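# Fold and contact review
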Amino acid sequence: MESRPTLAVWKFSSCDGCQLSLLDVEDDLLAIADRVQIAHFLEASSATVEGPYDVSLVEGSITTPEEAERIKEVRAVSHALVTIGACATAGGIQALRNYADIDDYVAAVYASPEYISTLATSTPIADHVDVDFELRGCPINKKQLLELVSAMLQRRKPSIATHSVCVECKSRGIPCVMVSHGIPCLGPVTQAGCGALCPAYNRGCFGCFGPAETPNLASLESWWRNLGVDEKGLQRALATFNVEAFRRQRERANTAHDPD
Amino acid sequence: MSEPTRRTIQTDYLARVEGEGAMSVRLVDGKVDEVELRIFEPPRFFEALLRGRSFLEAPDITSRICGICPVAYQMSAINAMEDLCGVEVSEPIRLLRRLLYCGEWIESHALHVYMLHAPDFLGYDGAVEMAREHPDVVQRGLQLKKTGNELMIVVGGREIHPVNVKVGGFYRAPTRGELQTLVQPLERAREAAVETVRWTAGFDFPERAVDCELVALAAPDAYAIEQGRVVSDHGLDIGVQEYNDNFYEEHVARSNALHSRRTDGSTYLCGPLARYALSADRLSPLAREVAAEVGLEVPCRDAFRSIVVRSVELVYACDEALRIIDEYEEPDAPAAEVEPRAGVGHGATEAPRGLLYHRYELDSEGTILDAKIVPPTSQNQLAIEEDLRQVVDRYHDLADDELKHVCEQAIRNFDPCISCATHFLDLEIVRE
């Protein structure tokens, strides 16, 4: 009788990069496979085991009517359902369609738009089903993925920081790229997790991990203005892999400040 | 007159490919009537969402098309933008790009050879299952893959969606010392790659051949990776700027992927078989020696043997990375200055799966007005279907389960990347 806990990996609209992170833990992969039964992971194996599953990792966003139904089936067979990566937690870069005309988008890419079945929006998994934990990143960080899987299997809360990238720069001793080089950086409003990767390469953070807890966007706006980037420029910089999460964050902040 | 016997064989989700697709085969009286690959990976509309973005954003945005070959997308986008803006980068920057790309070839080929493809030949469902009986072999593959990833981390900042590349060059050029840390792992990886060639060459192969035109980039003095002319074994030899005049895409109802054809409507194939056929003489001496040792002929038209060709390319990528590191001189500036121009630019590179073409139209501010991206799996889709038809013709007397397995294997021979091609697999075999 198989007694190991079961892990399933599911894909929705995405680039496969976050589930690839599970195969990228080369030194630990076979050890994980000894302790966990990888019961459904089509990118890695043709063998599948029937659910229910102890932990489901979900990659990708909901962009088609079929996906909106399939995620409910995944929820129904999962004890814990956790989403991995910016597509699953925020809708991904493909959520830019939420602010455009989908018919224009289809016509721009396909000669026969009538063959295409798509939703007008790309939305995070949590808009459709209950999610037990969201792991941010475009792509996710594989050390955080290992922590998440271990925590879920031990049925404890994962230890994942929600502070900003600035804290990671300080702890790595990386000089602030805005202060010392005048490079616009999204680090102050972006959640940690990458290890302050871009500043370590003399580049401003571009927001792969989405909004940090209580980001001060107004303060960032004035910083960027002083560096010669107008509000439109900042909005464009925020409108990438986590566009939907930053927009919702802004709406919540506006509602909180609105006396009505 | 007897009733025709009809058989339908179907796979709903093809495993061990990147992305989602299905296949169906219809046989009437044991003859193949119809073969279809259906790509139902949902469209993400990259070419549309790029409109209105800055030309500088294209490498980071297009890398998100594929988590397995992000560097390919970054490099093709960069080539197109630099073509358009008239930028020539210094030799150290070109070599650093080639080095980063070697990392992606090592990572992607090791993933495909060991985790996705070899289990087919040895009768396992996947690498984890294979590891129970062949732990040392799977560990070798994982170490190779890890070395490719380490190379991408040092040069690109991270292995998936690297952060250090930009139009004009890099944000920060690695130091000689940083690259030296890669020498020992790469030397071990090169030995593992040589063992990989010997291991895969010993698999059982059905003797078969694809007969379509083979298309790849080629360069005069090196095995083409990050740049080259578009050439074929039928005499095509054009600059990347002429790509659109020689190939076109069509949209068919069954698939969210566009199908590419030559302008005369014919089918062609890109990827390892094409590269090896056109440029094997430009591989490193060690890669050529190992290929000769295992009897890998030039050209190799057997898609099942693509696993051996990929393994030879693994040897080459390790060898080439070591050569670049050995000769590396830090560039004076990590990037060239780039000023946008209005116009149209073209870029193509050799993704691990084959030719990847980008075309952009910019205004004078550098805003993207139009984008066209043709990934290798779109280009290979017709060739895969034609090959599948021949495989079914040859193996139609197998039981459905066995036939289905052979068909799935035939598809995986081409290392289809469905996430990329959407604009790919269920396997369905219908016998009528």
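### Some thoughts on the overall build of chain B
Of the regular secondary structure elements, chain B holds 15 helices and 15 strands. Its C-alpha atoms give chain B a radius of gyration of 21 Å, within 12% of the compact-globule value 22 Å for 432 residues. Taking the principal axes of the C-alpha coordinates as reference, chain B spans close to 80 × 50 × 35 Å. Across the 432 residues that make up chain B, the buried fraction comes to 60%.

### Describing the overall build of chain A
Scanning chain A for helices and strands turns up 12 helices and 5 strands. Rg of the C-alpha trace for chain A: 20 Å, near the compact-globule value of 18 Å for 260 residues, within the 12% margin. For chain A, the spread of C-alpha atoms along the principal axes amounts to about 65 × 50 × 40 Å. Buried residues in chain A amount to 49% of all 260 residues. Taking contacts inside chain A between residues at least 6 apart in sequence as the whole, the part at least 24 apart equals 73%.

### Here we look at the interface of chain A and chain B
Accessible area lost upon the coming together of the parts is a frequently used measure of interface size. At the interface, 48 residues of chain A touch 49 residues of chain B. If one sorts the elements of the side of chain A that touches chain B by residue count, helix H1 (residues 17–23) of chain A sits on top with 5 residues. When the residues that make up the side of chain A that touches chain B are grouped by side-chain class, the tally is 27 nonpolar, 12 polar and 9 charged.

### Here we look at the packing of helix H3 (residues 70–85) of chain B against helix H4 (residues 91–122) of chain B
Residue and element names in this part refer to chain B. Two elements in contact, H3 and H4, have axes separated by 9 Å at closest approach and are oriented at 150 degrees. On the basis of their axis angle, the class for H3 and H4 is roughly antiparallel. Helix-helix and strand crossings are classified by hand; for H3 and H4 the assignment is left-handed. Between H3 and H4, the residues in contact are Val71, Ala72 and Met75 and Arg97, Leu100, Tyr101 and Glu104, respectively. The residue makeup of the contact of H3 with H4, split by class, is 5 nonpolar, no polar and 2 charged.

### Regarding the environment of B:Leu355
Residues and elements named next belong to chain B. Its place among the elements puts Leu355 in strand E13 (residues 354–362). With 30 C-beta atoms counted inside 10 Å, the residue Leu355 sits in the buried group. Taking C-alpha positions, Leu355 is 9.4 Å from Leu269, a pair spaced 86 residues apart along the chain. Discounting chain neighbours no more than four positions away, the residues touching Leu355 are Val215, Ala216, Leu217, Cys270, Ala348, Glu350, Pro376 and Gln379.

### Here's the deal with the domain arrangement of chain A
All names here are of chain A. As assigned here, chain A comprises domain 1 (6–153) and domain 2 (165–257). Here the C-alpha centroids of domain 1 and domain 2 sit 25 Å apart. Ranked by residues supplied to the side of domain 1 that touches domain 2, first place goes to helix H4 (residues 86–90) with 3 residues. For the side of domain 1 that touches domain 2, the residue count by class is 7 nonpolar, 7 polar and 1 charged.

### Describing the nonpolar core
Residue and element names in this part refer to chain B. Met81, Ile106, Ala216, Val312 and Val315 are the most contacted members of the largest nonpolar core, which totals 209 residues. The element contributing the most residues to this core is H4, with 16 residues. Ignoring any residue separated from it by four or fewer positions in sequence, one finds Met81 in contact with Phe55, Ala58, Val167, Gly345 and Tyr360.

### Side note on the packing of H4(B) against helix H12 (residues 306–327) of chain B
Residues and elements named next belong to chain B. Taken N-terminus to C-terminus, the directions of H4 and H12 make an angle of 150 degrees; their axes are 9 Å apart at the nearest point. Taken together, the axes of H4 and H12 are roughly antiparallel relative to one another. Here H4 and H12 pass one another in a crossing that is left-handed. Within the contact between the two elements, H4 uses Leu95, Arg98, Leu99, Cys102, Trp105, Ile106, His109, Ala110, His112, Val113, His117 and Ala118 and H12 uses Ile307, Arg310, Ser311, Glu313, Leu314, Ala317, Cys318, Glu320, Ala321 and Ile324. Here the residues of the contact of H4 with H12 are counted per class, giving 14 nonpolar, 4 polar and 4 charged.

### Side note on the sheet that holds strand E12 (residues 343–351) of chain B
All names here are of chain B. Strand order in this open sheet of 3 strands is E12-E13-E14, and the pairing throughout is antiparallel. Each end of this open sheet is capped by a strand with a single partner; those strands are E12 and strand E14 (368–374). Between one strand axis and the next, the sheet turns through 15 degrees on average, direction left out of account. As defined by bridge partners, E13 adjoins E14 across 6 bridges and the pair is classed as antiparallel. The residue bridging Tyr357 from the neighbouring strand is Val374, located in E14. Against the sheet, H3 contacts E12 and E13, and its axis sits at roughly 150 degrees relative to E12.

### Digging into unusual backbone geometry
All names here are of chain A. Following Gly51, the chain continues to Pro52 via a peptide bond in cis, the omega torsion being 0 degrees. For Pro52, the location among the structural elements is in the loop between strand E2 (37–40) and strand E3 (53–59). The omega torsion across Cys138 and Pro139 is 5 degrees, close enough to zero to call that bond cis. Residue placement: Pro139 occurs in the loop between strand E5 (133–135) and helix H6 (142–153). We note that Asp16 has phi near 75 degrees; this positive angle belongs to a residue other than glycine.

### Quick look at the sheet that holds strand E8 (residues 237–238) of chain B
Residues and elements named next belong to chain B. Overall, mixed pairing links the 4 strands, which are arranged E8-E7-E6-E11 in an open sheet. Either end of the sheet is taken by a strand with one partner, and the two such strands are E8 and strand E11 (268–269). With 4 bridges connecting them, strand E6 (residues 213–218) and strand E7 (residues 229–232) associate as antiparallel partners. For Leu217, the partnering residue across the bridge sits in E7 and is Val230. Against the sheet, helix H10 (residues 272–279) contacts E6, E7 and E11, and its axis sits at roughly 70 degrees relative to E6.

### Some thoughts on the domain arrangement of chain B
Assigned domains within chain B: domain 1 (6–40 + 397–431) and domain 2 (46–211 + 217–379). Relative placement of domain 1 of chain B and domain 2 of chain B: their C-alpha centres are 26 Å apart.

### What to know about the pairing of E7(B)
All names here are of chain B. Pairing geometry for E7 and E8, over 2 bridges, is antiparallel. Counterpart to Val230 in the pairing with E8 is Ile238. Between E7 and the antiparallel strand that follows it, E8, lie 4 residues; Gly235 among them carries a positive phi value of about 95 degrees.

### Some thoughts on helix H14 (residues 400–412) of chain B
With 13 residues, H14(B) should cover 18 Å at 1.5 Å per step; its first-to-last C-alpha distance of 18 Å lies within 8% of that length. Residues B:Leu403, B:Cys407, B:Glu408, B:Ala410, B:Ile411 and B:Arg412 constitute the buried set of H14(B).

### Focus: the confidence of the model for chain B
Here chain B averages 90 in pLDDT, and 91% of its residues register 70 or above. Taken together, the chains of this predicted complex give a pTM of 0.94 and an interface ipTM of 0.95.

### Remarks on the confidence of the model for chain A
On average, chain A scores 92 in pLDDT, and the residues at 70 or more come to 98%. No element of chain A has a lower mean pLDDT than helix H5 (residues 102–109) of chain A, at 84, and none a higher one than H4(A), at 98.

### Thoughts on the environment of B:Cys66
Residues and elements named next belong to chain B. Tracing the backbone shows Cys66 in the loop between helix H2 (58–63) and H3. Overall, the presence of 30 C-beta atoms within 10 Å leaves Cys66 in the buried class. Through-space distance from the C-alpha of Cys66 to that of Ile160 is 9.0 Å; in sequence the pair is 94 residues apart.

The rules we used
- Residues numbered from 1 in each chain as written.
- Chains lettered and ligands numbered in written order.
- Predicted model: local features only at pLDDT ≥ 70, side-chain atom pairs only at ≥ 80, totals over all residues.
- Helix = DSSP H or I, 4+ residues; strand = E, 2+ residues; numbered from the N terminus.
- Rg over C-alpha atoms; globule rule 2.2 N^0.38 Å.
- Buried ≥ 20, exposed ≤ 12 C-beta atoms within 10 Å, placed from the backbone.
- Contact = placed C-beta atoms within 7 Å.
- Nonpolar A, V, L, I, M, F, W, Y, C, P; charged D, E, K, R; others polar.
- Axes fitted to C-alpha atoms, helices over the stretch in contact; angles between N-to-C directions.
- Parallel < 35°, antiparallel > 145°, perpendicular 65-115°, else oblique.
- Left-handed = near helix turned anticlockwise from the far one by under 90°.
- Domains from an automatic or database assignment.
- Core = buried A, V, L, I, M, F, W, Y, C linked by C-beta atoms within 7 Å.
- Pairing = 2+ DSSP bridges.
- Expected span 1.5 Å × (residues − 1).
- pLDDT = per-residue confidence, 0-100.

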